[in-house]
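Here is how the chains run, residue by residue.
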Amino acid sequence: MLQTDFDGKVEGASPGEVDNSPGRDTGAERRLRRKLDLRLVPVIAFIAMMNSIDRGAVAFARLKGLKSDLHLTGRLDVQYDTMLAVVYASYCSALVPSNISLVIGLTTLPSVYIGCCVTLWGSISALTGLTRDYNTIITCRVLLGLFEAAYFPGCAYLLSSWYPRKELGLRTALLAAGGLAAFAFGSLWAAAVLGTMEGKLHIAAWRWKLCPSLPRILLRIIMRTRWLLPDYPHNTRWLSVEEKWLAQLRLAKDVGEADVDSEETSMLNGLRVAIKDAKVYLFMLLAFSVGLSSSFTNFFPTLTATLGYSTTVTLLMAAPPWILPTTVGVINAWHSDRTGERFFHLAIYWWISIVGFVISLSTMATAARYFSQYLMVLIFSDYMLLVAWVANAIPRPPGKRSVAIALTMGSGNVGTLVGSYMWKVSWSPQYHPSFLICLCCLLGATALAFTIRTMQIWENKRMEHLEVDELEKDERERIEKAAELEGMSFDDAFRRRKRLPPIY
């Protein structure tokens, strides 16, 4: 019986047993991709929706008594802002250790690891509605951030471990779409709960909002993720040996190197290699700028409330804008994959969001202000496409890619953390300084993204003139393993790697 190990070798097979012809690959890859799309993408998108509902629930609860019931006091809303910020603080502190553990062998079963973390955060989310004061809700929020840290970066890395570069953008966008759909669904749900459940069983409506039945439904679903989610191409139980081999072959053909780390890889090796790459720092600054610009999401119901309507109407009005980035984001990512281009597919929606910020700065007219919200939220159309760009720009080794994804997403959340303190009550209802900061950050993000694109163009030109004796040891080993997978000589594999088109 054929057995595929992690090095990409098909042991116990004669050449005839493994068909590597181009005609066979097309149909086989299509079937493998369909199997992954049906099992992996819907599950992670649904859980992402639950994640965003959990994280954003307090923004709606604020409108219906959360602050007074928990005795959140303090000058300029500092306690409430801190309650929002601590999630991002604990989340960011756990991102890199969590993603490193997915690479070096501490967690060889991502389906179990991610499933357990999601189960824990669902339980903590349900307990948040039982909090009685500032200290208890801070504790719940800190724990929530810690266990959430495994999810989005972990899923982004897992997707990059299965899909080639020109398939990755769409799948990460579908992951993000689940989270964005939660903002629309969450607004409608909040309108129903906060409008009808006040005083039921002598419980405040905002507590009903934080203690729904959905976390319990989520827990039951997560218990089955071991059989739904894949692990890695070499150890997923519901794939045949030939499918495991093909999954590794697809990744090797995509960048000309096998998707493996060296045997000497240590806990800190991925981090050490990542921090030596200037692109990682630029991606971190880029994500921070975008995260700061998008920090209005935690205050979106509050911003909608400045239009002057009742709480229920405000929540209903807060839902429709989120449908736009959910839809546009998927279409944009699909086109980005088809064209192999990232920069302009990101920048165009930043520029549209800038127009929204300008409108909000310029007027308090209800129609114009509400229209600006539709433009502002388009910044979320391409957030996970940015993560796909990171994985495309730093595809190998896996440890470096994992750390780069975690650092980028962590920096984005640090931006959101900082942004939690820039929507001050004293600046309402105009929030002119807040919108101006968002606008400037997106202008800076455009400049940073253009710099990264220019660096990739230079690196690609350097690659065209690279000689074999200039390769590092680990790099050469990955090309050798790719050559074994593809059944070609090392020289042929190296020449093909130099000709592979970049994605920027």
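About the cut-offs
- Residues numbered from 1 in each chain as written.
- Predicted model: local features only at pLDDT ≥ 70, side-chain atom pairs only at ≥ 80, totals over all residues.
- Heavy atoms only, no water.
- Helix = DSSP H or I, 4+ residues; strand = E, 2+ residues; numbered from the N terminus.
- Buried < 20%, exposed > 50% of the residue type's maximum accessible area, 1.4 Å probe, protein only.
- Contact = heavy atoms within 4.5 Å.
- Areas by Shrake-Rupley, 256 points an atom, 1.4 Å probe, with all protein chains shown as cover.
- Expected span 1.5 Å × (residues − 1).
- Polar contact = N/O pair within 3.5 Å; in protein donor to acceptor, adjacent residues only side chain to side chain.
- Axes fitted to C-alpha atoms, helices over the stretch in contact; angles between N-to-C directions.
- Parallel < 35°, antiparallel > 145°, perpendicular 65-115°, else oblique.
- Left-handed = near helix turned anticlockwise from the far one by under 90°.
- Nonpolar A, V, L, I, M, F, W, Y, C, P; charged D, E, K, R; others polar.
- Salt bridge = Lys/Arg side-chain N within 4 Å of Asp/Glu carboxyl O.
- pLDDT = per-residue confidence, 0-100.
- Phe/Tyr/Trp six-rings, centres within 6.5 Å; stacked < 30°, edge-to-face > 60°.
- Lys NZ or Arg CZ within 6 Å of the ring centre and 35° of its normal.

Peer 1: Looking at this model, I keep getting lost on the overall build of the protein. Mind explaining?
Peer 2: Across its full length, the protein holds 24 helices and two strands. The buried share of the protein, reckoned over its 504 residues, is 60%. Taking the contacts inside the protein whose residues are at least 6 apart along the sequence as the reference set, 80% of them involve residues at least 24 apart. Taken as a whole, the protein presents about 19800 Å² of accessible surface, with 63% of it coming from carbon and sulfur.

Peer 1: Would you explain the side chain of Ser90 in this entry?
Peer 2: Within the element layout of this structure, Ser90 appears in helix α4 (residues 78–101). Residues contacting Ser90, with those up to four places away along its chain left out, are Arg141, Val142, Gly145 and Leu146.

Peer 1: Help me out: how do you make sense of helix α17 (residues 323–339) in this one?
Peer 2: Residues spaced three or four apart along an α-helix point in a common direction, a consequence of the helix completing one turn every 3.6 residues. Taking 1.5 Å per residue as the helical rise, α17 with its 17 residues ought to reach 24 Å, and the 25 Å between its terminal C-alpha atoms agrees with that figure. Regarding α17, the residues found buried are Pro325, Thr326, Val328, Gly329, Asn332, Ala333, Ser336 and Asp337. Looking one or two residues beyond α17, the residue adopting positive phi is Gly340, at roughly 70°.

Peer 1: How do you make sense of the side chain of Thr172 when you look at a structure like this?
Peer 2: Residue position: Thr172 is located in helix α8 (residues 165–196). Take Thr172: its relative accessible area is 1%, and that puts it in the buried class. At 3.3 Å, the side chain of Thr172 and the backbone oxygen of Met384 are in polar contact.

Peer 1: Is there a simple way to explain the packing of helix α18 (residues 343–362) against helix α19 (residues 366–376) in this structure?
Peer 2: Following both chains from N to C, one finds α18 and α19 inclined at 155°, their axes separated by 7 Å at the closest point. One way to sum up the angle between α18 and α19 is to call them roughly antiparallel. The crossing of α18 and α19 is left-handed. Touching Ile352, Ser353, Val355, Gly356, Phe357, Ile359 and Ser360 of α18 are Ala368, Arg369, Phe371, Ser372, Leu375 and Met376, all from α19. When its residues are assigned to classes, the contact of α18 with α19 shows eight nonpolar, four polar and one charged.

Peer 1: Could you clarify how one ought to interpret the pattern of salt bridges in this entry?
Peer 2: A side chain with one charge may pair with a side chain of the opposite charge, provided their charged atoms come close. Per the stated rule, a full pass over the model turns up twelve salt bridges. Put simply, Arg171 and Asp37 hold a salt bridge, and the shortest N to O gap is 2.8 Å. In this pair, Arg171 sits in helix α8 while Asp37 sits in helix α1 (residues 22–39), placing the two residues 134 residues apart along the sequence. Where Asp254 meets Arg165, a salt bridge forms, and the shortest distance between an N and an O atom there is 3.4 Å. Here the residue Asp254 occupies a position in helix α12 (residues 241–255), and Arg165 occupies one in helix α8, the gap between them amounting to 89 residues. In terms of burial, Asp254 and Arg165 fall into one category: buried. Through salt bridges that share partners, Glu29, Arg33, Glu167 and Arg250 make up one connected network.

Peer 1: Which parts of the structure should I look at to understand the environment of Leu439?
Peer 2: Residue placement: Leu439 occurs in helix α22 (residues 432–464). Judged by its relative accessible area of 13%, Leu439 falls in the buried class. It is 9.8 Å that separates the C-alpha atoms of Leu439 and Leu361, two residues lying 78 residues apart in sequence. Once residues within four sequence positions are removed from consideration, Leu439 is found in contact with Ile354, Phe357, Val358 and Leu361.

Peer 1: I would appreciate a short explanation of the confidence of the model for the protein in the present structure.
Peer 2: Low-pLDDT portions of the prediction should not be read for the details of their coordinates. Overall, the predicted model of the protein reaches an average pLDDT of 81, with 85% of residues at or above 70. Low pLDDT (under 50) marks residues 1–25, which in the prediction has 53 contacts with non-local residues, meaning those over four places away or in another chain.

Peer 1: Is there a simple way to explain the packing of aromatic side chains in this structure?
Peer 2: To describe a pair of aromatic rings, you give the distance between the ring centres and the angle between the ring planes. Inspection of every chain in the model, using the stated rule, returns 15 aromatic pairs. On the basis of an interplanar angle of 75° and a centroid distance of 4.8 Å, the ring pair of Phe343 and Phe344 is categorised as edge-to-face. Three or more aromatic residues joined by ring pairs make a cluster, and in this case those are Phe296, Phe299, Phe300, Trp322, Phe357, Phe380, Trp423, Tyr431 and Phe435. A cation over a ring is seen here: Arg39 above Trp238, with NZ or CZ 4.0 Å from the ring centre.

Peer 1: How should the environment of Trp121 be read in this particular structure?
Peer 2: In this fold, Trp121 is placed in helix α5 (residues 110–128). It is 8.4 Å that separates the C-alpha atoms of Trp121 and Leu146, two residues lying 25 residues apart in sequence. Setting aside anything within four residues of it in sequence, one finds Trp121 in contact with Ile47, Asn51, Asp54, Leu144, Phe147, Glu148 and Tyr151.

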